[in-house]
Amino acid sequence: MKYIITLVFCFFALQLLAQKKNSRFVYHIREATSAMKIDGIADEDTWQHADIAQNFYMVLPMDTAMANVCTEVKMAYDQKNLYVLAICYKGPPGPNMVESLKRDFSFQKNDNFIFFMDTFNDQTNGYSFGANAAGAEWDGTMYNGGNVDLNWTNKWVSTVKDYPDKYVFEASIPFKSIRYKKGITEWGINFSRNDLKATEKSAWAPVPRQFPTASLAYTGTLLWDKPPPDPGSNVSIIPYALTSFSKDYADNKNLAAKITGGVDAKIAVSSALNLDLTLNPDFSQVDADKQVVNLSRFELFYPETRQFFLENGDQFNNFGYASIRPFFSRRIGLQSNIIGGFRLNGKLDKDWRIGVMDMQTNSNDTMPAQNFTVIALQRKILARSNIGFIFVNKEAFNYPVVSSRQPNNSRFNTNAGVEFNLASAANLWTGKELILKSFTPGKTGHDFTNAGNVQYADKYWLIGMQYEDVGANYNAETGYVPRHGYIKLNPYIGYLFLPKGGSVLSHGPTINLTDYYDGAFNPTDNRGYLSYQVTFRDRSILTGLVEHDYVKLLAPFDPTNYVHKFLAVGNVSNWNNAELSYFSKPQQLFTYDFTFDDGGYYDGGQKISLTTDFGYRFQPIVNILWSTTVSSVKLPRPWGTNTFWLIGPKVDVTLTNKFFMTGYFQYNEQGKNFNINTRIQYRYRPASDFFIVYTDNYLPGPFNVKTRMLVFKFTYWLNN
């Protein structure tokens, strides 16, 4: 299979060299002729003489016509800032549709204007800025040609002013806040508009409907009248002070009070390379993990939420596949405190990117002191493809010869790998080829991993194949590889019908087959499903699915993850099940979705589950979401029937686009925990915040308190 994928890569190499698709779309940006005030009023002389980007193309529901709602965009700059003005004329009557004033909103659930800048003109990396129609800001870095990392934050200002016939977005982005190649006079640029009342998404430079408007392969050109100004020296110091009070009721510990502080620093090594430093970091203000009902045989993946590890971290975090990650930053600092570290990332030149990170943790009763080093290099080849290299090393200090510590904490563990990322000029062909090797004391042989995939996606067809070959001794202790010693084959194919009229926008089937084998190529798992999805013109979605599962257990397994009774190795189970899901149209004040799953389960058992989300918004101040999952598992003795409830209401209150309050409540019957997490955030100046975080954990039933914590955190952004 891997040879077939390699041949496909070679066969379509000519497509990788094709010219940029929207090169004829050019916006000429000129230096400002007047002082600029960010107030949503386009009365400056600069705006009267700036070029206009208009005549947007519809992307959704169809990409074959001009947009119905009108958008006009202007840009300018001075020696310190880049300025953007967007006039978003309203379509159908009615109020603007927004969730709240919370930052980094959901694109599909808000009327918004967002733009994408390819500051290196490489169709791979860049920045995204924008706001929804009520003024909630959106900012992020871009990677892999169209993904946006919304965890990035930096200093910039914007205003949205609402008028009867339009809303106006105006922003000022300091050149110090972004990275670009010195002297370059052409950037990639595209402007995107989402209007829920018109159920329309549009873009200045046209984008095929199967791709997001963030696709850098479809940007136009931002042509500067002279090279953008050199931002000069750029050093930011971000200290924090924290006071916390905590009590562990379960272990009957006394109230603990702590006053501490730390500091982050951001240093621009060049206009394209940045150094981040951190000393005694604290991440108590991050969102609580969303809990799940766990009926899996393997470790669950919880995404990273700490900004230091996420910001500009795509070279580290996206190397490999979802289930083959040589580096997973949540392995660092969740079981011991981080003393400090640094990260260097950015462009070395037009073709090379680099990422280097080193973090040091201290020791505690269950964990030795450890050092984590990650080095990543990426070389652009052809039009939009690249070759990436990664080196990951974890080293323990004062590691005892005899220890009761966890077995995955070896004295050292090293991973090295290379991957080729395929991306054709028009983004129709994508893929990857990956090779990894691990080095661990006492584990030799069968320590390689090889994986690859190729995918073709146009307006009608989605066709792909993936394979994975993970050695039994492959070991990524600073990564996420939940399964070892297997070979996986995963072909899939889908087709979309696009009616020219009526309430249905698109519909079509998908067939997906996933087969697992052991090292001797004996089958161990198989999942095959046929799904059919209907997308309506109002953006609601209905999906039906039928599937067949086969599992031969290679390790003992409790099918409830609760009773602590186990099925034996070699147990073989077959079952069928059906699933139905529906997501309501996002332009309603009241939104809902559900997924109902009914069918067989391990050892001749039965499983029924229902997941629902109900949301209501008192826009733009309050957004309420109530999530519920109930799973009932019926098995022979000794398990019997077990029903697990997971209930999680969440309330966001945004009085302004600088003041946010979030209340998150989770009752997890399987996890025997009731969690309350409330957070207040006040952004009193750009990128500077004050947080109050309160967390409770209770035992379900009698609701006895297990742990309780109250945190006050203050951050302040200082820069030259």
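Fair warning: this is a prediction, and the values are worked out from it, not measured in the lab.

> Is there a simple way to think about the overall build of the protein in this case?
Scanning the protein from N- to C-terminus turns up five helices and 38 strands. Computed over the C-alpha atoms, the radius of gyration of the protein is 26 Å, within 12% of the 27 Å expected from 2.2 N^0.38 for a compact globule of 720 residues. Along the first, second and third principal axes, the C-alpha atoms of the protein reach 80 × 60 × 50 Å. Residues counted as buried form 53% of the 720 residues belonging to the protein. Across the protein, every contact between residues at least 6 apart in sequence was considered, and the portion connecting residues at least 24 apart equals 59%. With the model as given, the accessible surface of the protein reaches about 30800 Å², and the carbon-plus-sulfur share is 59%. Side chains of the protein give 70 positive and 65 negative charges; the mean places of these two sets differ by 1 Å.

> Please explain the pattern of salt bridges as it appears in this structure.
For side chains of opposite charge, pairing can occur when their charged atoms come near one another. All chains considered together, the criterion is met by 29 salt bridges. Of the charged contacts in the structure, one is a salt bridge between R103 and D139, with a shortest N-O distance of 2.8 Å. Note that R103 is positioned in the loop between strand 4 (81–89) and strand 5 (112–118) and D139 in strand 7 (residues 137–143), a separation of 36 residues in sequence. Of the two residues, R103 and D139, both sit in the buried class. Across the pair R708 and D696 runs a salt bridge whose closest N-O atoms are separated by 2.7 Å. Remark: D696 occurs in strand 36 (residues 688–698) and R708 occurs in strand 37 (residues 705–715); sequence separation between them is 12 residues. Judged by its relative accessible area of 27%, R708 is partly exposed. Through salt bridges with shared partners, a single network forms among R103, E137 and D139.

> How should I be thinking about the packing of aromatic side chains in this particular structure?
Any pair of aromatic rings gets described here by the distance separating the centres and the angle formed by the planes. In total, this model carries 44 aromatic pairs according to the counting rule given. Counting every residue linked through ring pairs, the aromatic cluster contains F25, Y57, F113, F115, F129, W156, F169, F191 and W204.

> It is not clear to me how unusual backbone geometry should be interpreted in this structure. Could you clarify?
Glycine aside, a negative phi is what most residues show, and trans is what most peptide bonds show. Look at the link from L60 to P61: it is a cis peptide, with omega at 10°. In this model, R637 is joined to P638 through a cis peptide bond whose omega is 15°. Looking at the secondary structure, you find P638 in the loop between strand 32 (622–634) and strand 33 (641–656). Even without a glycine there, the phi angle at N280 is positive, about 50°. Along the chain, the position of N280 falls in the loop between strand 16 (273–279) and helix 4 (307–310). By relative accessible area, which is 29% here, N280 ends up partly exposed. The backbone of K672 shows a phi angle near 50°, a positive value even though the residue is not glycine. Under the relative-accessibility criterion, K672 is labelled partly exposed at 44%.

> Any chance you could explain the side chain of S236 here in plain terms?
Secondary-structure assignment places S236 in strand 14 (residues 235–248). Not counting residues up to four positions away in its chain, the partners in contact with S236 are D264, A265, K266, W717, L718 and N719.

Cut-off values and rules
- Residues numbered from 1 in each chain as written.
- Predicted model: local features only at pLDDT ≥ 70, side-chain atom pairs only at ≥ 80, totals over all residues.
- Heavy atoms only, no water.
- Helix = DSSP H or I, 4+ residues; strand = E, 2+ residues; numbered from the N terminus.
- Rg over C-alpha atoms; globule rule 2.2 N^0.38 Å.
- Buried < 20%, exposed > 50% of the residue type's maximum accessible area, 1.4 Å probe, protein only.
- Contact = heavy atoms within 4.5 Å.
- Areas by Shrake-Rupley, 256 points an atom, 1.4 Å probe, with all protein chains shown as cover.
- Lys, Arg positive; Asp, Glu negative; His and termini not counted.
- Charge placed at Lys NZ, Arg CZ, Asp CG, Glu CD.
- Salt bridge = Lys/Arg side-chain N within 4 Å of Asp/Glu carboxyl O.
- Phe/Tyr/Trp six-rings, centres within 6.5 Å; stacked < 30°, edge-to-face > 60°.

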